[in-house]
Amino acid sequence: MVAATQTAAQAPAHSTQFLSVERLKKYFGGVKALDGVSFFLEQGEVHALVGENGAGKSTLIKILSGVFPYDHGAISLDGQTYRPQSPHEAKERGVQVVHQEFNLLDHLSIAENISIEKLPRNRFGLLDRPELNSRARKALDAIGLTDIDVKAPVSTLGIAHRQLVEIARALQSESQILILDEPTATLTERETKRLFELVARIKADGVTVVFVSHHLDEVFEICDRVTVFRNGRTIATDLIAETTPDGIVQRMVGRQLAGEMVSGDEQKDFGGVALSVQNLRTEANPTDTGVSFDLRYGEIVGIAGLVGAGRTEILRGIFGIDPVRSGEVQRDGETARFSGPGDAIAAGIGFVTEDRKDEGLILDMPISANISLANINSVSQAGLLKFAAERRQATEAGEKLKLKYGRTADPASSLSGGNQQKVVLAKWLARDPKVLLLDEPTRGVDVGAKAEIYAILKDLARSGVALLVVSSEMPELMTLADRILVLAEHQIQGTLQRADFSEENILKLAYGQTELAGGNSQ
Amino acid sequence: MTLQTTTDTLPAPSRFSVRTVLQNAGIGRALLALIIFFSVFTEHFLTPNNITNILTQITINLVLAVGMTFVILIGGIDLSVGSVMAFAAVVAGKAITLPGFGPAEAIALAVIAATLTGVLCGLINGAISAYWALPSFIITLGMLNIARGAALQVSDAQTIYSFPYAFEEFGSAMIYGVPVVFLVALVLVFMAWFVLNFTVFGRLLYGIGNNEEAVRLAGQSVRRYKIAAFTICGFTAGIAAVVYMARLNISSPIAGIGFELNAIAAVIIGGTSLSGGRGSVIGTLLGAFIIGVLANGLILIGLSDFMRQMITGVVIIFAVILDHYRAKYAAT
Amino acid sequence: MKIFKLAAAAATGLALLAGTAMADDKPKVGLIMKSLANEFFQNMMAGAEAHQEKRGDYELLAVGMQNETDFESQINAVENFITQGVDAIVVAPADSRAMVRPLKKAMEAGIVVVNFDVALDEDAKKQQGIELAFVGPDNRGGAKLAGDALGKKLGEGGKVVIIEGNPGADNANQRRMGFEDSVAEYKLDLLDSRTAHWETEEANTVFSNMLTAHPDIQGVMAANDSMAIGVVKALESAGRTDIMVVGFDNIPAVGPMIEDGRMLATVDQFGTDMAANAIDLALEVVGGGGELKGWVKTPIELVAAQ
């Protein structure tokens with residue numbers, strides 16, 4: 001354990017304290033969201049905020065961006081008190097935030113979205129479209145998005161591009177501090193790289209960047225200093241050069257992580273083929289051949305690929321959500337025709353979706369009701385709910401998945417991201433699925449919960465469940481999977497066995513290449 | 001590090017109703033305030049006769065609002081209930097005045113005709129909006145016209161009258177000063193409360209209102225439940241038609257104009273969210289009372305018709321603002 | 001574009017005229033009704049159709065409306081009739097002001113216009129510089145007949161309330177004023193006056209509440225029979241047999257109520273014949289009779305138990 005001493009990074013006398021936060025506290029009713037947050041920013045640095053979900057980072061950002069007022073403590077910006085009453089005021093003072101949840105208007109064009117706060121007008125007071133479009137062009141070019149049509153509606157963009165448009169919008173106005181709240185959660189490696197180049201560029205312009213991330217390697221790649229949050233407090237601020245990822249993780253969780261990144265070559269015996277996909281083509285798939293692969297009982301197969309390579313579409317096609325154009329899915333060797341999720345579920349398949357808020361959870365409903373959603377028949381009789389059975393189910397699932405919650409009757413929205421994801425898992429595990437499809441199972445989940453989810457998934461595989469995991473995080477796939485299918489443009493570009501696992505190999509295949517570093521693709 | 005479960009001894013239903021009570025506390029207090037206000041400032045408000053009057057007067061709206069609660073809970077709206085009620089009343093009026101039936105048979109026939117008509121209209125509303133995923137606002141707006149036209153067509157725009165005496169008896173019967181028709185409405189409220197809180201069906205309606213996609217991906221047939229919600233709403237419109245006929249002893253094809261808006265207002269004032277997923281039928285009961293007490297009290301106080309209309313509007317807006325804050329506190 | 005449209009309209013108009021001229025010489029009468037959802041106008045329409053069949057010497061083109069306030073479709077109907085080249089337009093205006101202009105156009109096109117049921121606004125007529133007779137009942141006088149019947153029974157100081165029709169509607173205003181005339185003449189005590197929008201259920205609710213506020217009510221004047229039915233039902237639920245009710249229109253449903261004394265009286269303005277009578281008058285003018293002037297009053301009658 002590294003003792004949480006006052007490190008050298010604490011306010012050297014000569015530094016320019018551009019923004020300083022002192023003993024900040026914030027309550028929601030009786031709940032302490034922030035319980036003593038102190039740190040400062042220097043001009044032109046990239047400063048990371050890290051901590052488990054619920055540690056207080058999001059609340060702090062909302063205070064800095066003028067969404068909430070604070071209750072105690074003080075913030076000063078450029079030597080003056082900073083207490084923004086509204087997001088507008090925060091922006092006036094030069095504090096820009098790119099939120100985790102997007103604030104784009106789907107049906108408006110990219111150009112309109114970029115200028116939405118201050119739409120240009122011509123001399124008749126009408127919208128000045130040429131100016132609007134040229135502004136947007138400039139903003140997008142500035143972050144290297146030269147290939148995007150600014151007149152297209154935002155709804156045509158993928159999730160990653162939306163993120164970049166948000167950043168372009170924030171950078172357009174004069175900003176002194178740019179706060180990026182988990183900007184890479186939805187980005188592929190290539191896009192992340194592009195974002196980092198961008199961060200380096202604006203840093204060189206003297207802008208201070210606050211970077212919130214669950215990816216420590218990213219923090220170590222681009223940040224100068226890092227402040228660790230735990231339970232609403234700041235634990236310490238370190239110079240990146242003087243600390244290690246392990247040290248930070250220990251500060252974050254207050255305990256040592258099991259080394260789950262071991263990539264041993266343990267030999268496993270898999271069962272029969274649980275799911276066979278033959279030339280599957282969904283509506284979105286433009287190829288002629290589609291996708292074919294087998295998934296055996298007890299096996300974890302990973303699906304890697306860039307955003308837009310058609311990963312999620314495969315899962316949706318298998319699960320009967322989206323219509324399938326051609327090809328077929330076999331379950332235990334028999335052709336299955338799923339006309340909807342209900343059929344897939346009946347065939348023993350579960351689907352942990354990518355988007356917790358939109359597809360996975362009913363946030364306002366109790367935890368127990370969320371867990372019983374997919375197997376409500378087992379906690380009801382003749383259409384009547386058996387509340388005791390439902391509660392028991394939730395309690396048991398909670399124990400098994402190490403869920404942190406108050407009561408099973410609390411709404412799912414009361415949980416942190418990691419625990420919400422566990423509830424989604426519990427919902428499907430309650431059905432004892434034979435095949436489990438997972439789409440980005442740890443997105444927006446903190447490091448501790450991630451490790452726990454990995455352990456759960458591995459246990460499932462050991463007990464004979466077949467798992468198909470889509471993920472943008474290569475370390476995640478390398479930790480979990482027995483095999484990784486790499487998709488490029490809706491086709492399987494190659495399959496990697498454990499011996500060949502490396503980020504380099506995955507990336508090569510994802511970028512459409514076939515020559516691998518440590519072996520051959522199959 | 002799991003914090004659980006010894007404290008979690010309360011059964012879920014009572015947790016549910018504890019929350020329901022909390023959610024309804026604001027509206028309950030508002031109702032109480034209105035009652036106290038009118039009791040103090042008018043002479044006759046708190047008399048047995050007037051209470052009977054209020055109960056009679058809110059019955060039709062309450063019955064319609066119970067069905068409307070189901071539809072609004074799934075994020076829909078039914079603008080057709082007033083017209084469907086008139087259509088059902090006219091069809092039942094034709095049935096009850098058919099020659100050759102004894103009073104008991106005629107009444108039974110009328111009740112069946114009214115509820116079937118209502119159910120059919122609701123089924124059509126639900127099926128069309130669910131199968132084509134169309135906004136129920138516009139589908140039920142269409143049904144509003146269809147049912148009104150059908151009511152006029154079937155009745156030839158004439159008021160249908162001279163129903164069996166027993167039917168009239170039922171309409172004006174009292175038990176300890178409580179109108180029997182109001183008791184019928186209360187039974188509906190109870191049934192709705194039970195269905196919404198204790199059945200899989202009710203659970204999934206709340207789920208659909210909150211997050212339709214999550215329910216669909218959990219393998220449930222969202223369409224079927226949506227259709228069911230609209231059908232229930234049509235059914236209550238049919239029951240409202242029976243109450244209308246029993247109370248006034250006529251069937252008028254122009255009955256129920258604007259009733260849909262009163263029913264929606266009762267549901268919203270009762271704290272059910274217009275975007276679905278949140279609310280309760282107990283709130284609807286209170287909402288119907290607020291509207292009824294206000295209509296009654298403002299006449300007793302001697303306010304002009306126009307002022308009355310304005311104040312009702314203000315109350316509706318106020319209720320929605322209240323709901324906004326309720327939602328905000330629920331979120332934090 | 002506009003010219004083309006005009007030309008097209010003129011062409012169809014001519015074609016229609018030519019067509020009728022060739023077919024036979026029967027005059028065409030365009031009848032514009034109010035809301036056919038209203039029992040009263042529905043009956044009137046049926047009366048007009050029966051009349052046409054009986055006389056057989058004219059062609060009847062009838063148009064109804066969606067609801068009471070839908071005067072837009074009435075204006076369209078006038079314009080269509082002008083295009084079709086009818087000989088006479090017989091109209092029950094939904095709005096006493098809005099209809100004046102389009103009817104002026106019809107008159108300029110040489111069409112005989114007869115205004116019945118509700119009189120067009122005098123000022124509006126003057127403004128447009130037209131003179132147009134009105135054929136119809138005296139709503140105010142009719143209401144006064146009913147009010148007087150009540151006044152006679154109650155005597156001086158009798159406590160009454162009025163249940164009004166739609167606020168702003170012409171006949172509702174006329175009937176209210178008629179009731180008020182009776183109140184003044186018989187020195188009645190008017191306790192309250194409220195609208196129930198012509199509707200039974202609302203009248204039932206509104207009157208129950210008025211009765212609670214004023215338990216000493218002795219008489220009720222309802223501006224139509226549908227509302228009178230609602231009042232009668234409210235009295236039955238309240239167990240009051242001492243309060244007298246008068247209505248207006250004489251719809252079939254109130255027949256039994258007048259007979260058994262639950263209602264004191266209603267007023268029959270012979271709505272069934274009203275349109276037919278107006279058509280007769282219009283055909284007289286078309287056939288070369290003298291022009292109509294002023295107010296041609298149609299019969300009204302108090303209906304009470306024998």
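This is a predicted model, so every value here is computed, not measured.

**Focus on the overall build of chain A**
Thinking step 1. Along the backbone of chain A there are 17 helices and 22 strands.
Thinking step 2. Accessible surface computed for chain A: about 22000 Å², of which carbon and sulfur atoms make up 47%.

**What to know about the overall build of chain B**
Thinking step 1. Counting secondary structure elements, chain B contains twelve helices and four strands.
Thinking step 2. Expected size for 332 residues packed as a compact globule is a radius of gyration near 20 Å; at 20 Å, chain B falls within 12% of this value.
Thinking step 3. With respect to the principal axes defined by its C-alpha atoms, chain B has extents near 75 × 50 × 35 Å.
Thinking step 4. Looking at chain B residue by residue over its 332 residues, the buried ones come to 57%.
Thinking step 5. Of the contacts made within chain B by residues no fewer than 6 positions apart, 79% connect residues no fewer than 24 positions apart.
Thinking step 6. By element, 72% of the accessible surface of chain B is carried by carbon and sulfur atoms, the whole surface being about 13700 Å².
Thinking step 7. Looking at charge distribution, chain B has the averaged site of its 15 positive side-chain charges lying 13 Å from that of its 12 negative ones.

**Let's talk about the packing of aromatic side chains**
Thinking step 1. Under the criterion given, the structure shown has 15 aromatic pairs over all chains.
Thinking step 2. Centroid distance F37 of chain B to F41 of chain B: 4.8 Å. Interplanar angle 40 degrees. Geometry classified as tilted. One end of the pair, F37 of chain B, and the other, F41 of chain B, are both in helix α1 (residues 12–41), four residues apart, so they sit about a helical turn from each other.
Thinking step 3. Taking 6.0 Å as the distance between ring centres and 75 degrees as the angle between the ring planes, the aromatic pair formed by F182 of chain B and F289 of chain B counts as edge-to-face. Of the two residues, F182 of chain B is situated in helix α7 (residues 180–198) and F289 of chain B in helix α11 (residues 281–300); the sequence distance between them amounts to 107 residues.
Thinking step 4. A residue is classified by how much of its surface remains accessible, and F289 of chain B, at 18% relative accessible area, is buried.
Thinking step 5. Through successive ring pairs, a cluster of aromatic residues spans F387 of chain A together with F190, W193, F194 and F198 of chain B.
Thinking step 6. Positioned above the aromatic ring of Y70 of chain A is the side chain of R83 of chain A, whose terminal nitrogen or guanidinium carbon lies 4.2 Å from the ring centre.
Thinking step 7. Above the face of the Y225 of chain B ring, R224 of chain B is positioned so that its terminal group lies 5.8 Å from the ring centre.

**Brief notes about the interface of chain C and chain B**
Thinking step 1. Contacts between the two partners involve 29 residues from chain C and, on the opposite side, 32 residues from chain B.
Thinking step 2. Buried surface at the junction of chain C and chain B, both sides included, amounts to about 2600 Å², of which 53% is carbon and sulfur.
Thinking step 3. Three residues stand out in chain C for area buried against chain B, namely R194, E201 and N209 of chain C, and they jointly supply 24% of the buried area on that side.
Thinking step 4. In this assembly, chain C and chain B are joined by three salt bridges.
Thinking step 5. For R194 of chain C, the salt bridge identified is with D305 of chain B, shortest N-O distance 3.0 Å.
Thinking step 6. Remark: the boundary between chain C and chain B carries 18 residue pairs in polar contact (both at pLDDT 80 or more).
Thinking step 7. Elements with a contribution of two residues or more to the side of chain C that touches chain B: α2 (39–55), β7 (189–195), α8 (200–213) and α9 (225–238) of chain C.
Thinking step 8. If you tally residues by element for the side of chain C that touches chain B, the top one is α8 of chain C, at ten residues.

**Points about the arrangement of the chains**
Thinking step 1. With two pairs of chains in contact overall, the contact-richest pair is chains A and B.
Thinking step 2. The least C-alpha distance between chain A and chain C, which are not in contact, is 30 Å.

**Concerning the nonpolar core**
Thinking step 1. Counting 234 residues, the largest nonpolar core has I318, L436 and I484 of chain A together with I163 and F207 of chain C as its most contacted members.
Thinking step 2. Here the element with the most residues in this core is helix α9 (residues 222–248) of chain B; it accounts for 15 residues.
Thinking step 3. Every residue in contact with L436 of chain A, bar those within four places of it in the chain, is listed here: G350, F351, V352, L425, W428, L429, L460, V465, A466, L467 and L468 of chain A.
Thinking step 4. Judged by nonpolar contacts, the second largest core, of 47 residues, contains V50, L104, F211 and V228 of chain A.

**Topic: helix α8 (residues 200–217) of chain B**
Residues and elements named next belong to chain B.
Thinking step 1. In this model α8 runs just 16 Å from its N-terminal to its C-terminal C-alpha over 18 residues, more than 12% under the 26 Å that 1.5 Å per residue would give.
Thinking step 2. Of all bends in α8, the biggest is about 125 degrees, found at N211.
Thinking step 3. Counting buried positions along α8 yields 14 of 18 residues, so the element is predominantly enclosed.
Thinking step 4. G219 sits one or two residues past α8 and shows a positive phi near 90 degrees.

**Observations regarding the pattern of salt bridges**
Any two side chains of opposite charge can pair if their charged atoms end up close together.
Residues and elements named next belong to chain C.
Thinking step 1. Per the counting criterion, the structure on display carries 41 salt bridges over all chains.
Thinking step 2. Measuring nitrogen to oxygen at the nearest pair gives 2.9 Å for the salt bridge that ties K144 to D148. Placement of both K144 and D148 in helix α6 (residues 139–154) is noted, with a separation of four residues, approximately one turn of the helix.
Thinking step 3. Taking the relative accessible area as the measure of exposure, K144 reaches 21% and is therefore partly exposed.
Thinking step 4. A salt bridge links E236 to K233; the nearest nitrogen and oxygen atoms lie 3.0 Å apart. With E236 and K233 both in helix α9 and three residues apart, this pair spans about one turn of that helix.
Thinking step 5. On the accessibility criterion, E236 (31% relative accessible area) is partly exposed.
Thinking step 6. According to the relative accessible area criterion, K233 is buried, its value standing at 5%.

**Side note on the interface of chain B and chain A**
Thinking step 1. Taken together, the contact pairs 33 residues of chain B with 41 residues of chain A.
Thinking step 2. Summed over both partners, the interface of chain B with chain A buries about 3200 Å², with 59% contributed by carbon and sulfur atoms.
Thinking step 3. Counting across the interface, chain B meets chain A through one salt bridge.
Thinking step 4. Elements that contribute at least two residues to the side of chain B that touches chain A include exactly α1, α7 and α8 of chain B.
Thinking step 5. When residues in the side of chain B that touches chain A are grouped by element, the largest group, twelve residues, is from α8 of chain B.
Thinking step 6. By residue class, the composition of the side of chain B that touches chain A is 16 nonpolar, eleven polar and six charged.

**Some thoughts on the sheet that holds strand β3 (residues 46–50) of chain A**
Residues and elements named next belong to chain A.
Thinking step 1. Read from one edge of the open sheet, six strands run β6-β7-β8-β3-β9-β10, paired in mixed fashion. This sheet does not close on itself; its edge strands, each paired only once, are β6 (95–98) and β10 (233–239). The sheet shows a mean angle of 20 degrees between the axes of neighbouring strands, taken without regard to direction.
Thinking step 2. Direction of pairing for β6 relative to strand β7 (residues 177–181): parallel, over a ladder of four bridges. Residue pairing in the sheet places V95 in a bridge with I177 of β7.

**Some points on the environment of V424 of chain A**
Residue and element names in this part refer to chain A.
Thinking step 1. Tracing the backbone through its elements, the reader meets V424 in helix α14 (residues 417–429).
Thinking step 2. The class of V424 is buried, set by a relative accessible area of 1%.
Thinking step 3. With 144 residues separating them in the primary sequence, V424 and L280 have C-alpha atoms 26 Å apart.
Thinking step 4. Discounting chain neighbours no more than four positions away, the residues touching V424 are V352, R356, G360 and L361.

**Re the domain arrangement of chain A**
Thinking step 1. By the assigned domains, chain A splits into domain 1 (1–94 + 174–256), domain 2 (104–160 + 167–172) and domain 3 (273–510).
Thinking step 2. Computed from C-alpha coordinates alone, the two centres of domain 2 of chain A and domain 3 of chain A are separated by 36 Å.

**Considerations on the state of the cysteines**
Structurally, a disulfide amounts to a covalent bond that connects the sulfur atoms of two cysteines.
Thinking step 1. Throughout the structure, instances matching the rule amount to zero disulfides over all chains.
Thinking step 2. C121 of chain B takes part in no disulfide bond, and the closest cysteine sulfur to it belongs to C233 of chain B, at a distance of 11 Å.

**With respect to the pairing of strand β8 (residues 208–212) of chain A**
All names here are of chain A.
Thinking step 1. A large share of β8 lies buried, amounting to five of its five residues.
Thinking step 2. Neither face of β8 is exposed, since T208, V210 and V212 on one face and V209 and F211 on the opposite face are all buried.
Thinking step 3. With four bridges joining them, β3 and β8 adopt parallel strand pairing. Bridging from a neighbouring strand, A48 pairs with F211 of β8.
Thinking step 4. In this structure, β7 lies alongside β8, joined through five bridges in parallel fashion. Bridge pairing links L178 to V209 in β8.

**Focus on the side chain of S96 of chain C**
Residue and element names in this part refer to chain C.
Thinking step 1. Position of S96 among the secondary structure elements: in the loop between β3 (88–91) and α4 (100–108).
Thinking step 2. The class of S96 is buried, set by a relative accessible area of 12%.
Thinking step 3. Those residues within four positions of S96 in sequence are excluded, and the remaining contacts are A119, L120, D121 and D170.

Thresholds applied
- Residues numbered from 1 in each chain as written.
- Chains lettered and ligands numbered in written order.
- Predicted model: local features only at pLDDT ≥ 70, side-chain atom pairs only at ≥ 80, totals over all residues.
- Heavy atoms only, no water.
- Helix = DSSP H or I, 4+ residues; strand = E, 2+ residues; numbered from the N terminus.
- Areas by Shrake-Rupley, 256 points an atom, 1.4 Å probe, with all protein chains shown as cover.
- Rg over C-alpha atoms; globule rule 2.2 N^0.38 Å.
- Buried < 20%, exposed > 50% of the residue type's maximum accessible area, 1.4 Å probe, protein only.
- Contact = heavy atoms within 4.5 Å.
- Lys, Arg positive; Asp, Glu negative; His and termini not counted.
- Charge placed at Lys NZ, Arg CZ, Asp CG, Glu CD.
- Phe/Tyr/Trp six-rings, centres within 6.5 Å; stacked < 30°, edge-to-face > 60°.
- Lys NZ or Arg CZ within 6 Å of the ring centre and 35° of its normal.
- Buried area = accessible area lost by both parts, 1.4 Å probe.
- Salt bridge = Lys/Arg side-chain N within 4 Å of Asp/Glu carboxyl O.
- Polar contact = N/O pair within 3.5 Å; in protein donor to acceptor, adjacent residues only side chain to side chain.
- Core = buried A, V, L, I, M, F, W, Y, C linked by side-chain atoms within 4.5 Å.
- Expected span 1.5 Å × (residues − 1).
- Bend = angle between axes of the 7 residues up to and from the residue.
- Nonpolar A, V, L, I, M, F, W, Y, C, P; charged D, E, K, R; others polar.
- Pairing = 2+ DSSP bridges.
- Axes fitted to C-alpha atoms, helices over the stretch in contact; angles between N-to-C directions.
- Domains from an automatic or database assignment.
- Disulfide = S-S within 2.5 Å.

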